[in-house]
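Each chain, letter by letter, is given below.
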Amino acid sequence: FPSHDSEVNFTIAAEFNLLGSIIFEHPSRISYFDVLYHHSIADGVFILGSAEAHYTPSKIFNAFIAEKPIFAILHPSSSAIDIIDETKWGITCLYLEHEVKEFSDQALLQFEAWKLKTLSHSWEFNKQEASKYSAKHLTENLATTLNDLV
């Protein structure tokens with residue numbers, strides 16, 4: 001999985017026995033088209049967020065394009081939580097660094113639920129809601145705002 005801190009990601013993936021079987025790490029940057037290719041052949045998209053509340057992982061939007069369900073571990077204040085929930089595009093697990101045992105138990109339960117839903121192809125994505133985040137829609141909004149300014 002692409003990462004800003006591959007050492008932390010490697011440790012977490014290894015701790016849950018996911019590295020090399022479910023999660024494959026690509027520590028160097030890969031091109032946008034390679035990302036889309038990897039998403040297209042994957043069963044889903046794993047997103048390991050950041051300890052920073054403001055971080056919104058862009059891989060969410062690639063998952064929309066590839067129509068793949070998301071399993072995300074995110075800061076409780078991340079805007080990505082609302083985006084994933086509103087679009088019904090996956091499951092978010094809140095990372096609570098002071099409650100490691102509770103987080104670990106919750107993450108495993110939520111991952112099992114995500115995996116079951118993913119393997120049974122029972123996701124019902126809200127594509128209309130997701131379209132609000134498309135490049136086309138965002139560009140139209142920007143153009144309208146710029147036109148209003150001139």
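Note that the structure is a prediction, hence the values are computed from the model and not measured. (Residues numbered from 1 in each chain as written. Predicted model: local features only at pLDDT ≥ 70, side-chain atom pairs only at ≥ 80, totals over all residues. Heavy atoms only, no water.)

> Could you give an account of unusual backbone geometry, with specific residues and numbers?
Peptide bonds are, in most cases, trans, and in most cases residues other than glycine have a negative phi. Although it is not a glycine, E67 adopts a positive phi angle of roughly 55°. Assignment of secondary structure puts E67 in the loop between helix 3 (59-66) and strand 2 (70-74). (Helix = DSSP H or I, 4+ residues; strand = E, 2+ residues; numbered from the N terminus.)

> A description of the sheet that holds strand 3 (residues 90-94) should follow, citing residues and the corresponding values.
Strands sit in the order 1-2-3 across an open sheet of 3 strands; the sheet is parallel. Two strands lie at the open edges of the sheet, namely strand 1 (45-48) and strand 3, each paired on one side alone. Recorded for the sheet is a direction-independent mean angle of 10° between the axes of neighbouring strands. Sheet strands in contact with helix 4 (residues 79-87) are strand 2 and strand 3, and its direction is about 150° off that of strand 3. (Pairing = 2+ DSSP bridges. Axes fitted to C-alpha atoms, helices over the stretch in contact; angles between N-to-C directions. Contact = heavy atoms within 4.5 Å.)

> Explain the pairing of strand 1 to me, using residue names and the numbers behind them.
Sheet analysis places strand 1 next to strand 2, joined by 4 bridges and oriented parallel. Residue F46 lies in a different strand from strand 2, and its bridge partner there is F71. With helix 3 bridging strand 1 and its parallel neighbour strand 2, the resulting β-α-β unit is right-handed. (Right-handed = clockwise from strand over helix to strand, strands pointing away.)

> Tell me about the nonpolar core, residues and numbers included.
Taken as a class, soluble globular proteins show a tendency for nonpolar side chains to be buried jointly. In this structure, I47, I60, I70, F71, L74 and W89 are the most contacted members of the largest nonpolar core, which totals 25 residues. At the level of elements, strand 1, helix 3, strand 2, helix 4, strand 3 and helix 5 (100-119) are the ones that each hand at least two residues to this core. For this core, the element with the most residues is strand 2, which contributes 5 residues. Setting aside anything within four residues of it in sequence, one finds I47 in contact with P57, K59, I60, I70, F71, A72, I73 and L74. (Core = buried A, V, L, I, M, F, W, Y, C linked by side-chain atoms within 4.5 Å. Buried < 20%, exposed > 50% of the residue type's maximum accessible area, 1.4 Å probe, protein only.)

> So what's going on with helix 5? Residues and values would help.
The terminal C-alpha atoms of helix 5 lie 28 Å apart, and with 20 residues this matches the ideal 28 Å at 1.5 Å per residue to within 8%. Taken together, the buried positions of helix 5 are occupied by F103, S104, A107, F111, W114 and T118. Projected down its long axis, helix 5 shows its buried positions confined to an angular sector of 100°, all on one face. Away from its buried face, by an angle of more than 90 degrees, helix 5 presents the exposed residues K101, L109 and L116. Packing partners of the buried residues in helix 5 comprise strand 1, strand 2 and strand 3. One or two residues past the end of helix 5 sits H121, with phi positive at roughly 55°. (Expected span 1.5 Å × (residues − 1). Arc of directions from axis to C-beta.)

> So what about the packing of aromatic side chains? Which residues, and what values?
A complete count under the given rule lists 12 aromatic pairs for this structure. Each ring, one from Y32 and one from F33, has its centre 5.7 Å from the other, and the planes form 70°; the classification is edge-to-face. A residue is classified by how much of its surface remains accessible, and F33, at 65% relative accessible area, is exposed. Pairing W89 with F125 gives two aromatic rings, centres 4.0 Å apart and planes at 10°, and the pair type is stacked. Taken as a pair, W89 in the loop between helix 4 and strand 3 and F125 in the loop between helix 5 and helix 6 (127-130) lie far apart in primary sequence, 36 residues in all. Members of the aromatic cluster, joined through ring pairs, are F61, F64, W89, W123, F125 and Y133. One residue, K117, lies across the ring of W123, its end atom 4.4 Å from the ring centre. (Phe/Tyr/Trp six-rings, centres within 6.5 Å; stacked < 30°, edge-to-face > 60°. Lys NZ or Arg CZ within 6 Å of the ring centre and 35° of its normal.)

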